[in-house]
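Descriptive analysis of the structure
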Amino acid sequence: MPMRTQVAIIGAGPSGLLLGQLLHKHGIDNIILERHTPEYVLERIRAGVIEQGAVDLLTEAGVGERMHAEGLVHDGTQICVDGVRHRIDFKALTGKSVTVYGQTEITRDLMDARRALGIPSIYEAYDVAPHDFSGQHPRVTYRHDGKEGAIDCDFIAGCDGFHGVCRKSVPPGSIKNYERVYPFGWLGLLSDTPPVSEELIYIRHQLGFALCSMRSTTRSRYYLQCSLAEDIDAWPDERFWEELKLRLDDEARAALVTGPSLEKSIAPLRSFVAEPLRFGRLFLAGDAGHIVPPTGAKGLNLAASDVYYLWQALIEFYKQKSSAGLDHYSARALARIWKAERFSWWMTTLLHTFPDQAFEGKMQAAELDYIFNSRSAATALAENYVGLPF
Ligand code: RFL
Ligand code: PHB
């Protein structure tokens with residue numbers, strides 16, 4: 001006998017977990033199917049910067065307590081060009097701040113809350129497949145513990161990330177993909193060492209971009225622009241620290257505390273948007289529908305705004321018997337997604353070293369000079385970084 005729920009959610013990343021939590025709070029049943037174990041999901045080191053809108057939504061979902069206690073509120077960020085640091089004062093320019101609180105912690109808070117409420121999740125669900133979403137009675141099939149399973153539902157939420165199954169299940173003629181792949185990646189290192197600065201430092205350097213970020217006052221996260229052909233085994237910790245030092249300004253170099261890495265990985269940089277995000281009763285949310293390069297810190301925040309629109313639409317459907325929100329989901333979400341895509345592409349273009357750097361470099365220098373000397377230009381950066389409204 002198949003199980004039955006109102007919303008079958010595929011993927012237990014931040015999108016799926018947050019949607020499930022918000023729906024449950026409003027009496028809408030949901031089941032999450034996740035391919036990996038909870039431990040595996042928690043081991044992925046990803047986002048660190050959370051916009052106020054996402055903070056508010058997590059608070060609304062009832063999982064804000066630890067984030068409010070442990071998250072670091074940042075009123076600005078630093079941009080370092082040719083060894084000189086400039087500050088973008090978010091608070092003065094926009095009245096808003098961002099919160100530094102790791103995606104791992106958000107995921108843990110959401111997982112703990114879901115478990116405590118007894119909302120069903122099936123981890124290690126293999127061969128998950130969405131069916132019949134163009135009609136009124138969708139179904140999700142999967143394999144778990146060696147047995148076949150099926151869930152009948154009203155809607156399927158595809159929260160299964162960029163490599164998930166939902167987007168791939170849509171007939172090719174009904175989806176259009178927009179994509180840009182960048183000619184470099186980010187080599188990231190996490191360490192239990194105090195950050196070099198109280199605020200993040202985005203560094204433009206002739207050797208390549210670098211970013212000094214953090215997870216807490218005792219845990220740092222650093223990134224180096226690297227070649228896509230780079231082999232992680234060629235980067236012992238010592239080599240990473242030496243390369244980072246070359247890209248830092250004097251003050252940061254003097255303040256840098258090195259230590260053993262807790263995690264080290266290479267991520268490619270990509271801009272990607274699928275249109276539309278709705279296919280009958282299947283909805284894509286988060287990385288399943290779009291990817292941004294990490295330079296603007298927008299990925300997780302976009303996942304939160306998608307979830308907000310989808311959650312509101314589902315409430316409208318169940319409580320007010322109106323399909324209007326569902327009908328508008330794709331257009332509403334995409335309007336915000338494309339602005340974040342533009343900002344992330346622009347930040348990436350502004351700060352990285354490109355193969356044809358002679359002309360690009362001059363453009364970058366001119367634009368940075370403009371940002372540091374024009375309140376309007378700095379405000380445009382700050383307004384996008386702290387997050388456009390949703
Ligand atoms: P996720 O987190 O990829 O979760 C998708 C989940 O779906 C599961 N799954 C399946 N389950 C069942 N069946 C299948 N066939 C399945 N296929 C996949 C996966 O196992 C997984 O658990 O997507 P979600 O929930 O949409 O969340 C998106 C965010 O994870 C992502 O946008 C951010 O991490 C991006 N990002 C950042 N975002 C920010 O807002 N601020 C940042 O500072 C920031 N920094 C980053 C980042 C991403 C990075 N990398 C490595 C991609 C820094 C980095 C380095
Ligand atoms: C991070 O801390 O992982 C991080 C912060 C800011 C970014 C990207 C990643 O723009």
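To be clear, the structure that these remarks concern was listed above.
Our subject in this report is the structure included herewith. (Residues numbered from 1 in each chain as written. Chains lettered and ligands numbered in written order. Predicted model: local features only at pLDDT ≥ 70, side-chain atom pairs only at ≥ 80, totals over all residues. Heavy atoms only, no water.)

1. Focus: the overall build of the protein chain
The helix and strand tally for the protein chain stands at 12 helices and 21 strands. For 390 residues, the compact-globule estimate of 2.2 N^0.38 gives 21 Å, and the protein chain sits close to it at 21 Å. Summarising its shape, the C-alpha atoms of the protein chain cover approximately 65 × 40 × 40 Å along the three principal directions. In the protein chain, buried positions account for 55% of the 390 residues. At a minimum sequence separation of 6, the contacts of the protein chain that also span at least 24 residues come to 72%. Counting every atom, the protein chain has about 16800 Å² of accessible surface; 52% of that belongs to carbon and sulfur. Separation of charge centres in the protein chain, based on 41 positive and 49 negative side chains, amounts to 4 Å. (Helix = DSSP H or I, 4+ residues; strand = E, 2+ residues; numbered from the N terminus. Rg over C-alpha atoms; globule rule 2.2 N^0.38 Å. Buried < 20%, exposed > 50% of the residue type's maximum accessible area, 1.4 Å probe, protein only. Contact = heavy atoms within 4.5 Å. Areas by Shrake-Rupley, 256 points an atom, 1.4 Å probe, with all protein chains shown as cover. Lys, Arg positive; Asp, Glu negative; His and termini not counted. Charge placed at Lys NZ, Arg CZ, Asp CG, Glu CD.)

2. Considerations on a negative patch on the surface
A contiguous patch of negative charge on the surface is contributed by E39, E43, E124 and D145. Relative to the elements of secondary structure, E124 occurs in the loop between strand 9 (121-122) and strand 10 (126-131). (Patch = residues over 30% accessible without salt bridge, like charges linked within 9 Å, V, L, I, M, F, W, Y side chains within 5 Å. Salt bridge = Lys/Arg side-chain N within 4 Å of Asp/Glu carboxyl O.)

3. Some thoughts on the layout of surface pockets
In this approach, a probe sized like a water molecule rolls over the atoms, and the result shows the empty space that is left. Each pocket or cavity is described by its volume, and for the second largest pocket that value is around 260 Å³. The wall of the second largest pocket is formed by 14 residues, among which G102, T104, E105, R215 and R219 lie closest to the centre. With 3 residues, the single largest contributor to the lining of the second largest pocket is helix 6 (residues 103-117). By residue class, the composition of the lining of the second largest pocket is 4 nonpolar, 3 polar and 7 charged. (1 Å grid on protein atoms, 1.4 Å probe; cavity = no way out; pocket = protein on both sides within 12 Å on 5 of 7 lines; lining within 4 Å. Points joined across faces, edges and corners; volume = space filled by probe spheres on them. Nonpolar A, V, L, I, M, F, W, Y, C, P; charged D, E, K, R; others polar.)

4. Concerning helix 3 (residues 52-60)
Every buried residue belonging to helix 3 is among A54, V55, L57 and L58, and all of these are buried. Each buried residue of helix 3 lies within a common arc of 165° when the element is viewed along its axis, so the set occupies one face. For helix 3, the elements touching its buried residues are helix 1 (14-25), strand 4 (49-50), helix 4 (65-70), strand 8 (98-100), helix 6 and helix 9 (299-320). Within two residues after helix 3, G62 carries a phi angle of roughly 85°, on the positive side. (Arc of directions from axis to C-beta.)

5. Observations regarding the site of ligand 1
For ligand 1, the set of nearby residues contains 33 residues, the closest of which are S15, E34, Q103, D287 and L300. Here L300 contributes a backbone N or O atom positioned 2.7 Å from an oxygen atom of ligand 1. Residue N301 places a main-chain N or O atom 3.1 Å away from an oxygen atom belonging to ligand 1. For ligand 1, the accessible surface in isolation is 1000 Å², of which the surrounding protein chains cover 88%. At the level of elements, helix 1 and helix 9 are the ones that each hand at least two residues to the shell around ligand 1. Among the elements that take part in the shell around ligand 1, helix 9 stands out by supplying 3 residues, more than any other. Of the residues contributing to the shell around ligand 1, the split by class is 15 nonpolar, 11 polar and 7 charged. (Near = heavy atom within 4 Å. Polar contact = N/O pair within 3.5 Å; in protein donor to acceptor, adjacent residues only side chain to side chain.)

6. Describing the sheet that holds strand 19 (residues 278-279)
Reading across from one edge, 9-3-2-13-20-19 is the order of the 6 strands in this open sheet, with mixed pairing throughout. Strand pairing shows two members of the sheet lacking a second neighbour, strand 9 and strand 19, which therefore form its edges. Sheet topology note: the strand 2 (residues 7-10)/strand 3 (residues 30-33) ladder contains 4 bridges and is parallel. Paired with V7 across the bridge in strand 3 is N30. (Pairing = 2+ DSSP bridges.)

7. Here we look at the packing of helix 10 (residues 324-351) against helix 11 (residues 357-373)
Across the interface, helix 10 lies against helix 11 with an axial gap of 8 Å and an inter-helix angle of 110°. Relative to helix 11, the element helix 10 lies roughly perpendicular. Contact with helix 10, carried on its side by W346, T349, L350 and L351, involves E360, Q364, E367, L368 and I371 of helix 11 and no other residues of that element. Looking at the contact of helix 10 with helix 11 residue by residue, the class counts come to 5 nonpolar, 2 polar and 2 charged. (Axes fitted to C-alpha atoms, helices over the stretch in contact; angles between N-to-C directions. Parallel < 35°, antiparallel > 145°, perpendicular 65-115°, else oblique.)

8. Remarks on empty space enclosed by the protein
For the structure on display, the rule yields 4 cavities of 30 Å³ or more. Taken as a whole, the largest cavity spans an internal volume of roughly 80 Å³. Around the largest cavity sit P14, S15, L18, A54, L58, I106, L110, L300, N301, A303, A304 and V307, which together line it. Going through the elements one at a time, helix 1, helix 3, helix 6 and helix 9 are the ones with two or more residues in the lining of the largest cavity. Here the element with the most residues in the lining of the largest cavity is helix 9; it accounts for 5 residues.

9. Digging into the environment of L224
Mapped onto the secondary structure, L224 falls in strand 17 (residues 220-226). Owing to a relative accessible area of 1%, L224 belongs among the buried residues under this scheme. Here L224 is in contact with G185, W186, L187, F209, A210, W235, F240, E243, L244 and R247, once residues within four sequence places are set aside.

10. Overview of the pairing of strand 17
On a regular strand, one side chain projects to one face of the sheet and the next to the other, so that they alternate. Within strand 17, 7 of the 7 residues are buried, which leaves the element mostly enclosed by the surrounding structure. Neither face of strand 17 is left uncovered, since the one carrying S220, Y222, L224 and C226 and the one carrying R221, Y223 and Q225 both have all their residues buried. Where strand 14 (residues 176-191) lies against strand 17, 7 bridges are found, and the strand directions are antiparallel. The partner of L187 across the bridge, within strand 17, is L224. Sheet topology note: the strand 16 (residues 210-214)/strand 17 ladder contains 5 bridges and is antiparallel. Across the sheet, the residue bridging to A210 is L224, located in strand 17. Where strand 16 folds back onto strand 17 in an antiparallel hairpin, the turn is made up of 5 residues.

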